[in-house]
Amino acid sequence: MNLQAEAIFRPVRTGNAFEETVERLLQAIKLGVLGHGDRLPAERDLAVRLGVSRETLREAIRSLQQAGCVESRRGRYGGTFVTYRMPPPDVGELRRAARDLGGELEDALTYRLVLEAGAAETAARRALTGEQRAYLQRRLADLEAAPPEEYRALDSRFHLAIAELTGSPSLAASIAQARMRLNDLLNAIPMLERNIDHAAHQHRAMAGAILAGDGDAARRATEEHLAATAALLRGFLG
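Structural notes, computed from the coordinates. This one's a predicted model, so the numbers in the text were calculated from it and none came from an experiment.

Basis of the calculations
Residues numbered from 1 in each chain as written. Predicted model: local features only at pLDDT ≥ 70, side-chain atom pairs only at ≥ 80, totals over all residues. Heavy atoms only, no water. Helix = DSSP H or I, 4+ residues; strand = E, 2+ residues; numbered from the N terminus. Rg over C-alpha atoms; globule rule 2.2 N^0.38 Å. Buried < 20%, exposed > 50% of the residue type's maximum accessible area, 1.4 Å probe, protein only. Pairing = 2+ DSSP bridges. Expected span 1.5 Å × (residues − 1). Arc of directions from axis to C-beta. Contact = heavy atoms within 4.5 Å. Core = buried A, V, L, I, M, F, W, Y, C linked by side-chain atoms within 4.5 Å.

Counting its regular elements, the chain contains 12 helices and two strands. Over its C-alpha atoms the chain spans a radius of gyration of 18 Å, differing by no more than 12% from the 18 Å that the globule rule assigns to 238 residues. With the C-alpha coordinates aligned to their principal axes, the bounding extent of the chain is approximately 50 × 45 × 35 Å. Among the 238 residues that make up the chain, the fraction classed as buried is 48%.

What follows deals with the pairing of strand β1 (residues 70–73). In the case of a regular strand, side chains alternate between the two sheet surfaces. Summarising the sheet, β1 and strand β2 (residues 79–82) pair through four bridges and their orientation is antiparallel. Paired with Val70 across the two strands is Val82, which belongs to β2.

Below, the discussion takes up helix α4 (residues 54–66). In this model α4 runs 18 Å from its N-terminal to its C-terminal C-alpha over 13 residues, within 8% of the 18 Å that 1.5 Å per residue would give. All of the buried residues along α4 are Thr56, Leu57, Ala60, Ile61 and Leu64. An end-on view of α4 places all buried positions within 135° of arc, on one side of the element. As for α4, its buried residues are in contact with α2 (17–30), α3 (43–50), β1 and β2.

What follows is about the environment of Gln177. With respect to the secondary-structure elements, Gln177 resides in helix α9 (residues 169–181). Sequence separation between Gln177 and Arg112 is 65 residues; the distance between their C-alpha atoms is 9.3 Å. Not counting chain neighbours up to four residues away, the residues in contact with Gln177 comprise Arg10 and Gln27.

Here we come to the nonpolar core. Membership of the largest hydrophobic core comes to 33 residues, with the highest contact counts inside it found for Phe9, Leu25, Leu40 and Leu57. Residue assignment for this core shows that the elements contributing at least two residues are α1 (3–8), α2, α3, α4, α6 (104–125), α8 (148–164) and α9. Sorting elements by how many residues they give to this core places α9 first, with five residues. Among all residues touching Leu40, those that are not within four sequence positions of it are Leu25, Leu34, Leu46, Ile61, Val70, Thr80 and Val82. Counting 25 residues, the second-largest nonpolar core is a separate cluster that includes Ala123, Leu128, Ala199 and Ala218.

See the structure below:
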């Protein structure tokens, strides 16, 4: 299981085990941590990680099968595989998602800004291992090479990678939740070439500052990037 999946597949804390299990699985799928065609972790391992019974997990997976998000395959190479594909960007969907958030939109944007800027600064101030440094560089390279239909998922993976480098599973989980709260909005933003170019420059600045150990620059680059995303959202919603 990759590091980002570990941050999402943490123990269920509420009494609504079934509903929260569905939420965790959808979070991993919609954030792109598990992409189209990826296999879910083994049922036994996943149930242990989530702290739920295998029957609860099976019920959650059956519900996602009925919704067309996953499918189960039998045989030697069987398992449960992701079939969900992210819908294409759509301004109408963007406005619908914004209406669903209502007055919580500004709160969600501020919360994400504080969490991610702090995470970037914290990651930069840590003594990263060679493996961790290569991991961030790999996530950046994957994002820069992403075809349009995979861009949003790989963008999520890049941002979550920075959260992981803080060494705080709680912070990584909070950032995943904050991103999920805005996920439908972010995914519905039209793919504007000029914006993608700006974002690429900002992503490189974020990664470069973290790898250079410059916490102040990492914070500033992240704040600039998230402010640009928020401005784009407000522009399409205005």
